[in-house]
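Coordinate inspection notes
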2 protein chains.
Amino acid sequence: MRTPSQPKEDVIEKLGEAFRRLGYEGATLAKLSLATGLQKASLYHYFPGGKEDMARAVLDQINGVIQEHVIQPLRSNSPPQDRLKQMVKAVDQFYDGGKLNCLIGIFILSASHKLFENDVRLMLKGWIAALAEVGVAMGVKADVAHQRAQQWVTELQGALIITRGLGSKSVFRRTLNRLPEVILGAGNAN
Amino acid sequence: MRTPSQPKEDVIEKLGEAFRRLGYEGATLAKLSLATGLQKASLYHYFPGGKEDMARAVLDQINGVIQEHVIQPLRSNSPPQDRLKQMVKAVDQFYDGGKLNCLIGIFILSASHKLFENDVRLMLKGWIAALAEVGVAMGVKADVAHQRAQQWVTELQGALIITRGLGSKSVFRRTLNRLPEVILGAGNAN
DNA sequence: GTCTATACGTGGATAGAC
DNA sequence: GTCTATCCACGTATAGAC
């Protein structure tokens, strides 16, 4: 039980960055070792279950971040419009203006997606539900609000792919800006 | 030059299915061999450049399919509404109702994305441009039409991820149905 | 807790028979 | 054109010293 050279949280953070860049299959232990600054054996000390264990830790951490920076602000008692703004800001930071891939997407598309499908599903559902609540607080009927929340999360996922595919951040930016109109069903303000 | 046991096209088709299921990194030669019914050495006969070569062939084939079933119908001289309907039908078939992953997304998120980014970008741009033309034919101003086309393709990519993430086809279905309203900017008809 | 060293399977790729 | 056999690098994972 010697003092760790870095907190486990930091290790998980770095693992997350690596998975984002490389995908699950592409993130080899050698690369994860490089990314964390720990030797492979040390990684196994932290994560006895190996790579799958590391991925799960990353997902757990992400889930925490989402809870803190997305769900909680959405459930605060600020005016609904402000809550949306706060979430947009958090999302913008989290994906670094669209430059970073979405780990949820990475895991969904990976060959080993079955390992993580439950965790991923819960995260998506939680996000959508919290967003729908804000819609309701804005006077939208519950089922419609849910549908619109689902649609925006869908757009966001797509935007993170297309942004990288087109090599331009504009789609990401636009998707963030569209949030209020999507939730309010305000039509496409083009 | 003996007669091949199956046309090269069929081999590429099967490779494509494998890449969709497994991702680029996850598609090992052993699995590609299984998927095609050809031994590894035979695959190298068709694709001397190895896995990268196979992926490129798959992308080329997809590009052909898109040209034939998406771009061409969009540029036909049917009424714009019918052109959209035709594309939706093709897309529905192509992704088998949302069950199949999008190869474009797979390659974009893969660790080796740089190998394919040019091909992918061209395909996306071509699709968006053709879709925007239909918008123009419907009376939408060119720049607005382009933005809306871009938005729908974004939604489609997102839908293919979320559909798998939530394990329900409804998001995919909805995205297909939304095409006309997105292009026309008709607001969210929820 | 972190390391070096190592085991063992699998990855991509090639040689050469038929 | 397809195969079997094989090469070597790299993949995951573990043993054991400090």
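The model shown is predicted, which means the values in this text are computed figures rather than measured ones.

A separate point is the packing of aromatic side chains. Tallied over the full model, the rule gives 16 aromatic pairs over all chains. Judged by centre distance (6.1 Å) and plane angle (55°), the ring pair of Tyr24 of chain A and Phe107 of chain A falls under tilted. With Tyr24 of chain A in the loop between α1 (8-22) and α2 (29-36) and Phe107 of chain A in helix α6 (residues 103-109), this residue pair connects regions lying 83 residues apart in the sequence. When sorted by exposure, Tyr24 of chain A lands in the same class as Phe107 of chain A, which is buried. Between Tyr95 of chain B and Phe172 of chain B the ring centres are 6.5 Å apart and the planes differ by 75°, which places this aromatic pair in the edge-to-face class. Of the two residues, Tyr95 of chain B is situated in the loop between α5 (80-94) and α6 (103-109) and Phe172 of chain B in helix α9 (residues 170-184); the sequence distance between them amounts to 77 residues. Judged by its relative accessible area of 3%, Tyr95 of chain B is buried. The rings of Phe19, Tyr24, Phe107 and Phe116 of chain A are connected pair by pair, giving a single aromatic cluster. Over the face of the ring belonging to Tyr24 of chain A we find Lys51 of chain A, whose NZ or CZ atom lies 4.9 Å from the ring centre.

For the rest of this paragraph, the subject is the interface of chain A and chain B. Facing 43 residues of chain A, the contacting portion of chain B comprises 43 residues. Taken over both partners, the interface formed by chain A and chain B buries close to 3,800 Å², and the fraction arising from carbon and sulfur atoms is 61%. Between the two partners, chain A and chain B, sit 0 salt bridges. Linking chain A with chain B are 8 residue pairs in polar contact (both at pLDDT 80 or more). When contributions to the side of chain A that touches chain B are tallied by element, the ones reaching two or more residues are α1, α6, α7 (117-137), α8 (142-166) and α9 (170-184) of chain A. Residue composition of the side of chain A that touches chain B, by class: 16 nonpolar, 17 polar and 10 charged.

Below, the discussion takes up the relation of the copies chain A and chain B. Mapping chain A onto chain B leaves a residual RMSD of 0.0 Å; the transformation is a rotation of 180° accompanied by 0.0 Å of translation along its axis. Taken together, the rotation and translation describe the operation of a two-fold axis. Take the interface residues of chain A: 100% of them recur as interface residues in chain B, which is what a same-surface contact looks like.

What follows deals with the nonpolar core. Ranked by size, the top nonpolar core spans 126 residues in total, and within it Phe19, Trp127 and Leu131 of chain A together with Phe19 of chain B carry the most contacts. Once you skip the residues sitting within four places of it in the chain, Phe19 of chain B turns out to touch Tyr24, Ala27, Leu32, Lys51, Met54, Ala55, Val58, Leu103, Ile106 and Phe107 of chain B.

Once that is clear, we can look at the protein's contact with DNA strand D. What surrounds DNA strand D is a group of 21 residues, the closest being Leu29 and Tyr44 of chain A together with Arg2, Ser5 and Tyr46 of chain B. In the interface set of DNA strand D, defined as its atoms within 4 Å of the protein, sugar plus phosphate atoms amount to 60%. At 2.5 Å, a backbone N or O of Ser5 of chain B approaches a phosphate oxygen of DNA strand D. In the environment of DNA strand D, a phosphate oxygen lies 2.7 Å from a nitrogen or oxygen atom belonging to the side chain of Tyr46 of chain B. Put simply, the parts of the chain that give the surface near DNA strand D at least two residues each are α2, α3 (40-46) and α4 (50-74) of chain A together with α3 (40-46) of chain B. At 4 residues, α3 of chain B tops the list of elements feeding residues into the surface near DNA strand D. Classifying every residue of the surface near DNA strand D gives 10 nonpolar, 7 polar and 4 charged.

What counts, and at which threshold
- The residue count restarts for each chain, going from 1 along the sequence in the order it is written.
- Each chain takes a letter, starting from A, and each ligand takes a number, starting from 1, following the order in which they are written.
- The predicted nature of this model means local features are confined to residues of pLDDT at least 70 and side-chain atom pairs, given and counted, to a pLDDT of 80 or more, with totals for whole chains, interfaces and linings taken over all residues.
- Only hydrogens and water are removed before side-chain values are computed, so all heavy atoms of the structure are retained for them.
- Classification of ring pairs uses Phe, Tyr and Trp, with its six-membered ring standing for Trp, and accepts pairs whose centres are within 6.5 Å; under 30 degrees between planes counts as stacked, over 60 as edge-to-face, and the remaining range as tilted.
- Helical segments are the DSSP runs of H or I of at least four residues, strand segments are the runs of E of at least two, and each set is numbered from the N terminus.
- Only protein chains enter the calculation, and the probe is 1.4 Å; a residue is then buried if its accessible area is under 20% of its type maximum, exposed if over 50%, and partly exposed in between.
- By the criterion adopted, a ring carries a charge over it if an Arg CZ or a Lys NZ lies within 6 Å of its centre and within 35 degrees of its normal.
- Contacts were defined at the residue level, with two residues in contact if any of their heavy atoms lie within 4.5 Å.
- Here the quantity called buried area is the total loss of accessible area, with a 1.4 Å probe, experienced by two parts when brought into contact, counted for both.
- A side-chain nitrogen of Lys or Arg and a carboxyl oxygen of Asp or Glu constitute a salt bridge if their distance falls within 4 Å.
- Counted as a polar contact is a pair of N or O atoms within 3.5 Å, where, for protein atoms, one must be capable of donating a hydrogen and the other of accepting one, and residues adjacent in sequence contribute only when both atoms are in side chains.
- Here the nonpolar group is Ala, Val, Leu, Ile, Met, Phe, Trp, Tyr, Cys and Pro; Asp, Glu, Lys and Arg are the charged ones; every other residue, Gly included, is treated as polar.
- Least squares is the method for superposing the copies, and the C-alpha atoms it fits come from residues with pLDDT of at least 70 in both.
- By nonpolar core is meant a set of buried Ala, Val, Leu, Ile, Met, Phe, Trp, Tyr and Cys residues that side-chain atoms within 4.5 Å join together.
- Think of it this way: one heavy atom of a residue within 4 Å of a molecule or strand is enough to make that residue near it.

Scope: geometric values only; no functional claims are made or implied.
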